[in-house]
Amino acid sequence: MIELNGTFIAQIINFLILVVLLRAFAYKPVVNMLKARQDKIQESLDKADADAAEADKLLAQYKAKLAAATAKAEEIQKNAEKRAAEFREAEEQKVKADIEQMKKSAQADIERDRAKAVEKLRTEMVALSMAAAGKIIAKNMDSADNEALIAEFVDKLDKDKIGDLPC
Amino acid sequence: MHEIGVREVVQFAGFTFNWETLVMTWITMAIVLLIAVLATRNLQMVPQGWQNVVEAIVVWLHEQIDATMGKNGRFLAPFVVSLFMFLLVSNWLGLIPKMASPTNDLNTTLGLALLVIVMVHGLGLYMKGGHYIAHFFQPTPVFVIINAIEEVAKPITLAFRLFGNILAGEILIIILLQLMPIWMPIPSVIWLAFSIFIGGVQAFIFTMLSMAYLANAVKSEEEG
């Protein structure tokens, strides 16, 4: 029952054949598959990390760009406001100058008209006083008092007021 | 129904072979290969169904080997998994009527045990050289006697444990079938169930002890 014979060697060889066959047909494919999956997962993880880093970089870039654009827009707005203010200032200055000019010319006109009117009145007054003087002379030519009267009258005509009337 | 302890023999090239053991071994090998190929064909990147089980077994085995032998023991994984599957199928094959376990023949079990022990010493010498021989003389040279007995005992205990368990199981099945009337199957069924359990346990023990012996030879010193 427990005798050893050639079967002993045969069984060792049988088992070694089985090991070789199992290794070739079953074990290797499984291990290779495990390795392939491990590699694939590792690769995916690496790729995900790289993608995330890339995304972060892009985000930082866009943020920087956005900040620059915002700063530029602000600058442009400021410039525009400044220019508008300057323009308004200039415009105001110009209008003021125009008004001043117009005021001055109007005043000059008024002054001229007044001078004219005064001149005209004076002429008329002289004529009138001459006429009055004529009448007085005709009545009392010799009286020195009358001469003084006329002179005073003429002197008064030089003042701003003609008689009691405001100019 | 074959007679217990009497083996059919054939003569070939001057050697005697136990014909039944050889045939049963080949059947076992075919079954193991069939299972392995069926389980591992059509492997996919995204595992489904049986592929998960097969991969879990391989990963578990790798973890066991890493824990006991270190990384350089990985090349032994196919040997270990073959050993376990071969023994499991062998042990259970004998429970089928008209079949016999290859492991009920001492030629098989001692062959495997010696193969394991030769591998242990061969790998030990290959991987550690002089250190491997020196460790038989530690802590004092006198221990070489005890160590020698231990090394001789290893294959013998491995072989006879498996052989005895399986042969006893098969003998008792035959005896129960002859003793019990055909309408009383309960003892046979109980013993059959127990034999299934024993077959699994013995395959597991043989494989685990082989791994432990191999680990002793393969693992590097610093991994302790």
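Quick notes on the rules
- Residues numbered from 1 in each chain as written.
- Chains lettered and ligands numbered in written order.
- Predicted model: local features only at pLDDT ≥ 70, side-chain atom pairs only at ≥ 80, totals over all residues.
- Heavy atoms only, no water.
- Contact = heavy atoms within 4.5 Å.
- Buried area = accessible area lost by both parts, 1.4 Å probe.
- Salt bridge = Lys/Arg side-chain N within 4 Å of Asp/Glu carboxyl O.
- Polar contact = N/O pair within 3.5 Å; in protein donor to acceptor, adjacent residues only side chain to side chain.
- Helix = DSSP H or I, 4+ residues; strand = E, 2+ residues; numbered from the N terminus.
- Nonpolar A, V, L, I, M, F, W, Y, C, P; charged D, E, K, R; others polar.
- Pairing = 2+ DSSP bridges.
- Axes fitted to C-alpha atoms, helices over the stretch in contact; angles between N-to-C directions.
- Parallel < 35°, antiparallel > 145°, perpendicular 65-115°, else oblique.
- Left-handed = near helix turned anticlockwise from the far one by under 90°.
- UniProt positions renumbered as here; feature names shortened; annotations may be inferred.
- Patch = residues over 30% accessible without salt bridge, like charges linked within 9 Å, V, L, I, M, F, W, Y side chains within 5 Å.
- Areas by Shrake-Rupley, 256 points an atom, 1.4 Å probe, with all protein chains shown as cover.
- Buried < 20%, exposed > 50% of the residue type's maximum accessible area, 1.4 Å probe, protein only.
- Expected span 1.5 Å × (residues − 1).

Student: Explain the interface of chain B and chain A to me, and be specific about the residues and the numbers.
Tutor: Facing 46 residues of chain B, the contacting portion of chain A comprises 31 residues. Between chain B and chain A, roughly 3,400 Å² of surface is buried when both sides are summed, and carbon and sulfur atoms account for 76% of that area. For B:Glu55, the salt bridge goes to A:Arg37, with nearest N and O atoms at 2.8 Å. On inspection of chain B and its partner chain A, the count reaches five residue pairs in polar contact (both at pLDDT 80 or more). Where the side of chain B that touches chain A is concerned, the elements lending two or more residues are strand 2 (15-18), helix 1 (19-40), helix 2 (50-69), helix 3 (77-93), helix 4 (106-128) and helix 6 (144-179) of chain B. It is helix 1 of chain B that contributes the most residues to the side of chain B that touches chain A, 10 residues altogether. Across the side of chain B that touches chain A, the residue classes tally to 29 nonpolar, 13 polar and four charged.

Student: Run through the pairing of strand 2 of chain B, naming residues and quoting values.
Tutor: All names here are of chain B. As paired elements, strand 1 (residues 9-12) and strand 2 share four bridges and run antiparallel to each other. Bridge pairing in strand 2 links glutamine 11 to threonine 16. Between strand 1 and strand 2, which pair antiparallel one after the other, the connecting turn spans two residues, and alanine 13 there sits at a positive phi close to 55 degrees.

Student: Quick rundown of the packing of helix 2 of chain B against helix 7 (residues 186-218) of chain B? Include the residues and the values.
Tutor: Residues and elements named next belong to chain B. Interhelical geometry of helix 2 versus helix 7 gives an angle of 45 degrees and a closest axis separation of 9 Å. By the angle between their directions, the pair helix 2 and helix 7 is classed as oblique. The interaxial crossing formed by helix 2 with helix 7 has right-handed handedness. Residues Trp60, Leu61, Gln64, Ile65, Thr68 and Met69 of helix 2 touch helix 7, and the partners they reach there are Met208, Met211, Leu214, Ala215 and Val218. Grouping the constituent residues of the contact of helix 2 with helix 7 by class yields nine nonpolar, two polar and no charged.

Student: Explain the side chain of B:Gln51 residue by residue, including any values.
Tutor: Relative to the helices and strands, B:Gln51 resides in helix 2. Ignoring sequence-local partners within four residues, the contact set of B:Gln51 consists of A:Met33, A:Arg37, B:Asn42, B:Leu43, B:Gln44 and B:Val46.

Student: Mind laying out the UniProt feature "transmembrane region" (unreviewed entry) in chain B, listing which residues take part and the relevant values?
Tutor: Residues and elements named next belong to chain B. Following the UniProt record, the feature "transmembrane region" (unreviewed entry) maps to residues 21-40, 75-94, 106-126, 162-183 and 189-215 here. What you have in residues 75-94 is 85% helix and 0% strand, and the ends, taken at the C-alpha atoms, are 31 Å apart. From the first C-alpha to the last, residues 189-215 spans 39 Å; its make-up is 100% helix and 0% strand.

Student: Run through a nonpolar patch on the surface, naming residues and quoting values.
Tutor: On the surface, B:Val142, B:Phe143, B:Ile145, B:Ile146 and B:Ile149 cluster together to form a nonpolar patch covering roughly 490 Å² of accessible area. Along the polypeptide, B:Ile146 turns up in helix 6.

Student: How would you sum up the side chain of B:Ser82? Please name residues and give values.
Tutor: For B:Ser82, the location among the structural elements is in helix 3. Residue class for B:Ser82 comes out buried when judged on its relative accessible area of 0%. Contacts of B:Ser82, omitting those with residues within four sequence positions, involve A:Phe15, A:Leu18, A:Val19 and A:Leu22.

Student: Lay out the packing of helix 1 of chain B against helix 3 of chain B with the relevant residues and their values.
Tutor: Helix-helix packing is characterised by the crossing angle of the two axes and by the distance between the axes. Residues and elements named next belong to chain B. As a packed pair, helix 1 and helix 3 sit with axes 9 Å apart at the nearest point and diverge in direction by 125 degrees. With respect to helix 3, the element helix 1 is oriented oblique. Classified by chirality, the crossing of helix 3 by helix 1 is right-handed. Contact with helix 1, carried on its side by Met24, Thr25, Ile27, Thr28, Met29, Ile31, Val32 and Ile35, involves Met85, Phe86, Val89, Ser90 and Leu93 of helix 3 and no other residues of that element. When the residues that make up the contact of helix 1 with helix 3 are grouped by side-chain class, the tally is 10 nonpolar, three polar and no charged.

Student: Summarise helix 4 of chain B; cite the residues concerned and give the values.
Tutor: Residues and elements named next belong to chain B. The end-to-end C-alpha distance of helix 4 is 32 Å, a good match for the 33 Å that 23 residues give at a rise of 1.5 Å each. A side-chain oxygen of the first residue of helix 4 lies 2.9 Å from the backbone nitrogen of asparagine 107; this N-cap is aspartate 105. Following helix 4 by one or two positions, glycine 129 adopts a phi angle in the positive range, close to 60 degrees.

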